[in-house]
Amino acid sequence: MPGPDLIALAAVLLFASPSPVPVAGRVIRVRGTDTVAVANGRVILHRVTVDNPGPIDSMLTDAQGRFTFHVTPDSGAVYLTSARWDGIEYFGPAMTLDADASTPDVIVTVSDTSSSAPIHLRARHLIVSPVDADGSRSVVDLMVLENPGALTRILSDSAHPVWRVRLPPYAFEVHAGNSDFALQALQVQGDTVGVYAAIPPGQRNLELDYQIPPHTTRFVLPIDEGVDLSNIISQDKGMRVGSGFVRNDTVIDNKPYARWQGALHAGDPLVLEFGSTAPPAWLVPVLVALMLSVLGFGTWRAWHLQP
């Protein structure tokens, strides 16, 4: 018979272990202006941790598209559910699990596909750093893409992206920031960045980070698709922004910044003329974090849609 010490230890371990919690929800498919349940669809539960992200369970939905997993919560993990439809993997919202709190129902929305569904640019904002020590500048280009229809836009072929945007031809070190697209879904060819990923109905965020060469005094950004409202933000208060933009400085996190607001018009380049204010080292990371928070960026990049 176990001694009292072992019994006490077993009791501590037993009561310290969190109980399984349900992760329940539905898979629905967009059909016109309505939605219908996806019956007998495969749903996968993913656990995302720093050391070991990956799927941990799967099941088929019932006749009403419902599913329920029972999970022992990991306090250091984020959980996602996904379902595949018409060759595309769709993810529900990321969530943390708490043994002492109920988990709201998860909705995974899937849709049929089209290689001609329209994609529009709904917002575009720039964060421009003052001149760096080597004379270059950093630019964070934040965009919101929208698929306004009921069909997921897919590639027509591997040579043509779903959507593309032009940058200044002298921009260098172009790379994706904190976006709703996997890094491999974005390709840079000359002055053009192409999105080679499925874009489902709704809005998706795209961040492009790049550098402007040293001693550039005039920045010209090609505008192929206009937006009604754009923000240009910098701590370089000597920067000048082209016509149509109104300066309306702001305070972010108790620090003053220069901000210009205006519309971007297709075929009318955005022109910036630079001052020469030297930046503090913390400027760009702080601005990016604040702007991404405001714009709703930061989706778990590792689990975005693939082409």
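Structure: see above.
Residues numbered from 1 in each chain as written. Predicted model: local features only at pLDDT ≥ 70, side-chain atom pairs only at ≥ 80, totals over all residues. Heavy atoms only, no water.

1. Quick look at the sheet that holds strand 4 (residues 54–60)
Our working rule: For two strands to count as paired, DSSP must find a minimum of two bridges between them. The secondary structure listing takes helices from DSSP runs of H or I that are at least 4 residues long and strands from runs of E that are at least 2 residues long, numbered from the N terminus. To get an axis, fit a line to the C-alpha atoms, keeping to the stretch in contact for a helix; angles then go from 0 to 180 degrees between the N-to-C directions.
Pairing is antiparallel across the open sheet formed by 4 strands, whose spatial order is 4-3-6-7. Each edge of the open sheet carries a strand with a single partner, namely strand 4 and strand 7 (88–91). Strand-to-strand twist of the sheet, defined as the mean angle between neighbouring strand axes without regard to direction, takes the value 30°. Looking at chain direction, strand 6 (residues 78–85) and strand 7 are connected through 4 bridges and run antiparallel. Across the sheet, alanine 83 pairs through a bridge with tyrosine 90, a residue of strand 7.

2. Here we look at the pattern of salt bridges
Selection rule: Within this document, salt bridges are pairs made up of a side-chain nitrogen of Lys or Arg and a carboxyl oxygen of Asp or Glu, the two lying within 4 Å of each other. Exposure classes here rest on a 1.4 Å probe applied to the protein chains alone. A residue is buried below 20% of its type maximum, exposed above 50%, and partly exposed in between.
Summed over all chains, the structure comprises 11 salt bridges. The shortest N-O distance in the salt bridge between aspartate 105 and arginine 66 comes to 3.5 Å. Pair noted here: aspartate 105 is in the loop between strand 7 and strand 8 (106–111) and arginine 66 is in strand 5 (residues 66–71), with a separation of 39 residues, a long-range link. Of the residues examined, arginine 66 reaches a relative accessible area of 40% and is grouped as partly exposed. Note that glutamate 89 and arginine 84 form a salt bridge whose closest N and O atoms lie 3.0 Å from each other. Residue glutamate 89 is classed as buried on the basis of its relative accessible area, which comes to 17%. Arginine 84 gets classed as exposed once you look at its relative accessible area, which sits at 53%. A network of salt bridges, in which partner residues are shared, links Arg218, Arg240 and Glu273.

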